[in-house]
Amino acid sequence: MNRRNFLKGVSGGLVLGGAGLALPRMALAMPVSMGPAGLPAGTLDASLLDALPGKRPLIRRTFRAPNYETPVAYLNDLYTPNDAFFVRYHVSNIPEVAAESWKLRIGGEALQNPVELTLDELKRGFERVELPALCMCAGNRRGLFQPHVPGVQWGNGAMGNARWVGVRLRDVLNKAGVRKEALEMVFDGADSGIAAYKTPDFVKSLPMWKALDENTLIAFEMNGAALPHWNGFPARLVVPGWVGTYWVKNLMSIEVIAKPFEGFWMKPAYRIPLGKFPNVDRFITQETAVNTPITDMVVNSLITNIEEGQRVRPGQSVDVKGVAWDGGYGIRTVEVSLDEGQSWRPATLGQDLGRFSWRLWSYRFKPARRGKLTVMAKASNRIGQTQTAELILNPAGYHHNLIQKATIQVM
Amino acid sequence: MKKQLVWLVLLLPAATFAAGEEQIRLKDGLGKDLVEANCATCHSLDYIQTNSPFLDRKGWEATLSKMVNAMGAPVPKEDVPKIVEYLDRYYGK
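Analysis parameters
Residues numbered from 1 in each chain as written. Chains lettered and ligands numbered in written order. Predicted model: local features only at pLDDT ≥ 70, side-chain atom pairs only at ≥ 80, totals over all residues. Heavy atoms only, no water. Buried < 20%, exposed > 50% of the residue type's maximum accessible area, 1.4 Å probe, protein only. Helix = DSSP H or I, 4+ residues; strand = E, 2+ residues; numbered from the N terminus. Arc of directions from axis to C-beta. Contact = heavy atoms within 4.5 Å. 1 Å grid on protein atoms, 1.4 Å probe; cavity = no way out; pocket = protein on both sides within 12 Å on 5 of 7 lines; lining within 4 Å. Points joined across faces, edges and corners; volume = space filled by probe spheres on them. Nonpolar A, V, L, I, M, F, W, Y, C, P; charged D, E, K, R; others polar. Axes fitted to C-alpha atoms, helices over the stretch in contact; angles between N-to-C directions. Parallel < 35°, antiparallel > 145°, perpendicular 65-115°, else oblique. Left-handed = near helix turned anticlockwise from the far one by under 90°. Pairing = 2+ DSSP bridges. Polar contact = N/O pair within 3.5 Å; in protein donor to acceptor, adjacent residues only side chain to side chain. Salt bridge = Lys/Arg side-chain N within 4 Å of Asp/Glu carboxyl O.

Enquirer: How should I be thinking about helix H2 (residues 32–39) of chain B in this particular structure?
Expert: Residues lying three or four places apart along an α-helix face the same way, a consequence of the helix completing one turn every 3.6 residues. Residues and elements named next belong to chain B. Three or more residues of H2 are buried, namely Lys 32, Val 35, Asn 38 and Cys 39. Projected down its long axis, H2 carries its buried residues within an arc of 140°, all on one side. Exposed and facing more than 90 degrees away from the buried side of H2 are Asp 33 and Ala 37. Elements in contact with the buried residues of H2: helix H3 (46–50) and helix H5 (80–91).

Right, here's the structure in full:
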């Protein structure tokens, strides 16, 4: 066991108890790990449990901009609690937005009638839509790439599943009238860098087809409550199937434009090499000869209830639990191997909440022999894609969907 | 005695729990002041700690270059090599 991984959880638990803050159930029984052992040593050293206002203690990867990871113990359920949901920002100024004075500005050269909507107008003017969907940072598991690549060194918890409520982006835009020359839709949130230095503002664009997809939402509720500030209050984009970078938080403006948007966070940031990944969704107006914006998530899974090195007795029943997801085609199978991948047995899939939600799964077995046992899990989706047996390297460390291994001790 | 030591170690990180940004301390060494003055203007210094120790000198040079050219960090030209030197020595591969 890597002692460094567990130290802070223990002390964090003691202090948290004293502060009267809510702790994950598992944290009381066992310390919260600062992440899988494959993370850089400096990451494990620098990370600690810390609570942002309104949030439970999460794994702090960086302080400013705030990047906080959800401990895996919270990823065991269908929906991730709002106050345990991961936080990811790129720039340091993140003003709190007042709901009463907030107005969403919708305009741009390829829009007929620019409009401003209050939160009330947004909520009442359009059909209310509910959608369970996974929000996952493009760089989830970046810290597990070998060789390591620079960036926020995420472990497994830069993701969460939620029941989003909002209105369809296309309902709002159709009312404002999209011109036929429209090429991309551009989204800006309230966050900003340091103006004096011209830090690139975090602004993202979507191709029109994805922006106008019936499942793309402007959401104002998450798991039955208003969005937490750190997850986008009062409204954020929900772009189901696509990585979190497009899910712009604390949304302030939408522009419909007739040419490809050129901003740092679209180009060169958030790019994957062309042709290296099996993704289906393309963002053609942003493609170059060598790379393309990251789009839909690759098929993936996570074991959520096995601690590395955990001890079990021979003959004792072991329930392996986890989650599985993909870019919106739906999970077909999750398979588990107990013999280093020589044979695979199907896990039991949980409730199907739709193709954008993750799927819970479980697998029960009784280890017979004493010794080390490796548990592997592999998800496949409905278009025949499966997790990779060999990591696909790329400069920014995206799409880590290597088949996971967890070792338990039978003794 | 051994038992006491273990508890001491276990309790140590408690002091840093939920601490403010000023609790993030870089390793002492030549160039630390420059790094603090230039980098912490825009982001907390744990970005350096967490991205270690896997970047070589070239890797830190590329990072500095990104910060200056893409992110707008106003680092005086003459300070760049000194900052790279510190990062490579204390947070390099």
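Enquirer: For this particular structure, what's the right way to read empty space enclosed by the protein?
Expert: Empty pockets left among the atoms are what a rolling probe the size of a water molecule brings to light. Residues and elements named next belong to chain A. If you walk through the whole model with that rule in mind, you get five cavities of 30 Å³ or more. By volume, the largest cavity amounts to about 190 Å³. Forming the walls of the largest cavity are 19 residues, and the residues nearest its centre are Arg 88, Arg 236, Gly 244, Trp 247 and Lys 249. Taken together, the residues of the lining of the largest cavity sort by class into ten nonpolar, five polar and four charged.

Enquirer: Got a minute to help me understand the packing of helix H4 (residues 57–69) of chain B against H5 of chain B in this structure?
Expert: The geometry of a pair of packed helices is captured by two quantities: the angle between their axes and the separation between those axes. All names here are of chain B. Close contact between H4 and H5 brings their axes to 9 Å; oriented N to C, the two are set at 135°. When the axes of H4 and H5 are compared, the pair comes out oblique. Crossing hand, H4 versus H5: right-handed. Every residue of H5 that contacts H4 at Arg 57, Trp 60, Glu 61 and Leu 64 is listed here: Val 80, Ile 83, Val 84, Glu 85, Leu 87, Asp 88 and Tyr 91. When its residues are assigned to classes, the contact of H4 with H5 shows seven nonpolar, no polar and four charged.

Enquirer: So what exactly am I meant to see when it comes to the sheet that holds strand E23 (residues 359–365) of chain A here?
Expert: Adjacent strands of a sheet pair through backbone hydrogen bonds, lying either parallel or antiparallel. An order of E17-E19-E23-E22 (chain A) is seen for the four strands of this open sheet, with the pairing classed as antiparallel. The strands lining the two open edges of the sheet, one partner per strand, are strand E17 (300–303) and strand E22 (348–349) of chain A.

Enquirer: Just to check I follow, could you spell out the pairing of strand E14 (residues 251–257) of chain A for this structure?
Expert: Consecutive side chains of a regular strand alternate in pointing toward one face of the sheet and then the other. All names here are of chain A. In terms of burial, E14 is largely enclosed, as five of its seven residues are buried. Here strand E5 (residues 103–107) pairs with E14 via three bridges, running parallel. Bridge pairing links Arg 105 to Ser 253 in E14.

Enquirer: I'm lost on the environment of Ala 368 of chain A in this one. Help?
Expert: By the element assignment, Ala 368 of chain A lies in the loop between E23 and strand E24 (371–381). Residue classification places Ala 368 of chain A among the exposed positions, given a relative accessible area of 69%.

Enquirer: Please clarify how the side chain of His 90 of chain A should be interpreted in this entry.
Expert: Residues and elements named next belong to chain A. In this structure, His 90 sits in the loop between strand E4 (87–88) and E5. Within the structure, the side chain of His 90 is placed 3.4 Å from the side chain of Arg 88, a separation counted as a polar contact. Side chain to side chain, His 90 and Tyr 270 meet in a polar contact 2.6 Å long. Excluding anything up to four places from it in sequence, His 90 contacts Ala 65, Phe 202, Trp 265 and Tyr 270.

Enquirer: Explain the pattern of salt bridges to me, please; I cannot follow it from the model alone.
Expert: Two side chains with opposite charge may pair up if their charged atoms get near one another. For the structure shown, the criterion picks out 20 salt bridges over all chains. Close ionic contact of Arg 61 of chain A with Glu 69 of chain A constitutes a salt bridge, the shortest N to O distance being 2.8 Å. Take Glu 69 of chain A: its relative accessible area is 2%, and that puts it in the buried class. Two residues, Arg 89 of chain B and Glu 85 of chain B, come together in a salt bridge whose shortest N-O distance is 3.7 Å. With Arg 89 of chain B and Glu 85 of chain B both in helix H5, this residue pair falls four residues apart, about one helical turn. On the basis of relative accessible area, Arg 89 of chain B is assigned to the exposed category, the value being 57%. Each of the salt bridges in this network shares a partner with another, and the network as a whole consists of Arg 57, Glu 61, Glu 85, Asp 88 and Arg 89 of chain B.

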